[in-house]
Amino acid sequence: MTALETFISQAAARSRERTEPADCVLVLAPLMLDLIERADTFLQPQHYRSDAGSYTRNLIYKAPDESLSLYALVWLPGQWTPIHDHGSWGVVGIVEGVLEERSYVRLSPDRGADSGIELARGGIVLLRSGAVTSFVPNPDHIHVTGVPSERSRAVSLHLYGRTMSSFNVYDIGTGTRRFVDVAHNES
Ligand SMILES: [Fe+2]
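Report on the accompanying structure. It should be emphasised that the depicted structure is a prediction, and the values quoted were computed from it without experimental measurement.

## Structural notes on the side chain of R177
Part 1: Considering the arrangement of structural elements, one finds R177 in strand β11 (residues 176-181).
Part 2: A distance of 3.5 Å separates a polar atom in the side chain of R177 from a polar atom in the side chain of D85.
Part 3: One polar contact links R177 to Y170, side chain to side chain, over a distance of 3.1 Å.
Part 4: Ignoring any residue separated from it by four or fewer positions in sequence, one finds R177 in contact with D85, R106, R111, G112, A113, D114, I117, D140, N168, V169 and Y170.

In structure tokens:
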């Protein structure tokens, strides 16, 4: 089996056995640490596709039952996500460059509401090649990730507990969020 096939089969088995998102990331983060070490053995040119207009999500694997998905994200200098959450657990490993994460804390008490949202800026994390981070939707994990214009390209692998084809995007000015589709390239 290739490193990728081993990762997928172990990730599927371990996440199936666990219902709590925090338990899932606990057992999957070490698998991601091993996977990124072997990234050069399975990443193909299509996984490095990028776009001058936006960061690029290249699908690597999607489970037939939609319970897992793995993407290679390519961040050119100056490319950022909107402020978003995922509605899922996630495990992220950095393959190249430095990925920056800027977190937000939701101050307004009703986490299920789509309006009346008050966000406060939190800290930042700089994730260098070889690093692994994770998140759970408890409470909402709200953040922006990307690469400042003065740094070079970053490439990261993202494993989620569902097909990540949509997420909540937050508008600080209006205090609202909306659920939007997020694009990707097929593998
Ligand atoms: Fe995210």
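Back to the write-up after that little detour.
## As for the coordination of the iron ion
Four donors placed tetrahedrally around a metal ideally meet at 109.5 degrees, and six donors placed octahedrally ideally meet at 90 or 180 degrees.
Part 1: The protein atoms donating to the iron ion are H84 (NE2), H86 (NE2) and H143 (NE2), with metal-donor distances spanning 2.0 to 2.1 Å.
Part 2: Of note, the donors binding the iron ion are all from one chain and are spaced H-x1-H-x56-H. With H86 in the loop between β3 (84-85) and β4 (90-96) and H143 in strand β8 (residues 142-146), this residue pair connects regions lying 57 residues apart in the sequence. Pair check on accessibility: H86 and H143 agree, each one buried.

## A closer look at helix α2 (residues 21-37)
Given 3.6 residues to a turn, an α-helix orients residues that are three or four positions apart in the same direction.
Part 1: The terminal C-alpha atoms of α2 lie 24 Å apart, and with 17 residues this matches the ideal 24 Å at 1.5 Å per residue to within 8%.
Part 2: Where α2 bends most, the angle comes to about 30°, and this point is L28, followed within four residues by the proline P30.
Part 3: Among all positions of α2, only C24, V25, V27, L28, A29, L31, M32, L35 and I36 are buried.
Part 4: Looking at the buried residues of α2, the elements they touch are α1 (3-16), β2 (69-75), β4, β7 (132-135) and β9 (154-160).

## Quick word on the sheet that holds β4
Part 1: Judged by pairing direction, the sheet is antiparallel, and its five strands sit side by side in the order β1-β2-β9-β4-β7 without closing on themselves. Bordering the open sheet on either side are β1 (56-62) and β7, each of which pairs with just one other strand. Averaged over all neighbouring strand pairs, the angle between strand axes comes to 20°, with direction disregarded.
Part 2: Strands β1, β2 and β9 of the sheet are contacted by α1, whose axis makes an angle of about 125° with β2.
Part 3: Against the sheet, α2 engages β2, β4, β7 and β9, with an angle of about 15° to β4.

## What to know about the pattern of salt bridges
Part 1: Considering all chains together, one arrives at eight salt bridges under this definition.
Part 2: Between R153 and E96 there is a salt bridge whose closest N-O contact spans 2.9 Å. Residue R153 is located in the loop between β8 and β9, and its partner E96 is located in strand β4; the two are separated by 57 residues in the primary sequence.
Part 3: Among the ionic pairs, E100 bridges to R151, the shortest N-O distance being 3.0 Å. In this pair, E100 sits in strand β5 (residues 98-106) while R151 sits in the loop between β8 and β9, placing the two residues 51 residues apart along the sequence.
Part 4: On the basis of relative accessibility, which here comes to 4%, the residue E100 falls in the buried class.
Part 5: Using a relative accessible area of 26% as the deciding quantity, one classes R151 as partly exposed.
Part 6: Overlapping salt bridges bring together D85, R106, D114, D140 and R177 as one network.

## Some points on the pairing of β4
Part 1: When you tally the buried positions in β4, you get six out of seven residues, the bulk of the element.
Part 2: Examined bridge by bridge, β4 and β9 share six bridges and lie antiparallel to one another. In the strand pairing of β9, E96 is matched with V155.

## Some thoughts on the nonpolar core
Nonpolar side chains in soluble globular proteins tend to end up buried together.
Part 1: Ranked by size, the top nonpolar core spans 28 residues in total, and within it F7, L28, M32, L70, W89, L157 and L159 carry the most contacts.
Part 2: Here this core takes nine residues from α2, the largest share from any one element.
Part 3: Dropping the residues within four chain positions of it, M32 is found in contact with F7, L70, V91, V92, G93, V132, L157 and L159.

## Points about the pairing of β9
Part 1: Across the seven residues of β9, seven count as buried, placing the element largely inside the fold.
Part 2: Burial along β9 is two-sided: A154, S156, H158 and Y160 facing one way and V155, L157 and L159 facing the other are all buried.
Part 3: Pairing of β2 with β9, which is carried by seven bridges, proceeds in the antiparallel orientation. Each bridged residue has a counterpart across the sheet, and for V74 the counterpart in β9 is V155.

Criteria and thresholds
The residue numbers shown here count from 1 along each chain, following its written sequence. At least 70 in pLDDT is required for a residue's local features to be given in this predicted model, at least 80 for side-chain atom pairs to be given and counted, and no such filter applies to totals for whole chains, interfaces and linings, which use all residues. To obtain the side-chain values, all non-hydrogen atoms of the structure were used and water was disregarded. The secondary structure listing takes helices from DSSP runs of H or I that are at least 4 residues long and strands from runs of E that are at least 2 residues long, numbered from the N terminus. Think of a polar contact as two N or O atoms within 3.5 Å of one another; within protein, one of them needs to be a possible hydrogen donor and the other a possible acceptor, and neighboring residues in sequence only count if both atoms come from side chains. Whether two residues are in contact is decided by their heavy atoms, any of which lying within 4.5 Å being enough. Water is not among the atoms examined, so metal sites may look incomplete; donors are the N, O and S atoms within 2.8 Å of the metal, or within 3.2 Å for Na, K and Ca. Each residue's exposure class comes from its accessible area (1.4 Å probe, protein chains only) as a fraction of the maximum for that residue type: buried when under 20%, exposed when over 50%, partly exposed otherwise. Every helix has an expected span of 1.5 Å times one less than the residues it contains. Two axes enter the definition of the bend at a residue: one is fitted to the seven residues ending there, the other to the seven starting there, and the bend is the angle between them. A pair of strands is considered paired only if DSSP assigns at least 2 bridges between the two. Axis lines are fitted through C-alpha atoms, for helices just across the contact stretch, and the angle between N-to-C directions can take any value from 0 to 180 degrees. Each salt bridge in this description consists of a side-chain nitrogen of Lys or Arg and a carboxyl oxygen of Asp or Glu lying within 4 Å of one another. In these notes, a set of buried Ala, Val, Leu, Ile, Met, Phe, Trp, Tyr and Cys residues joined through side-chain atoms within 4.5 Å is what counts as a nonpolar core.

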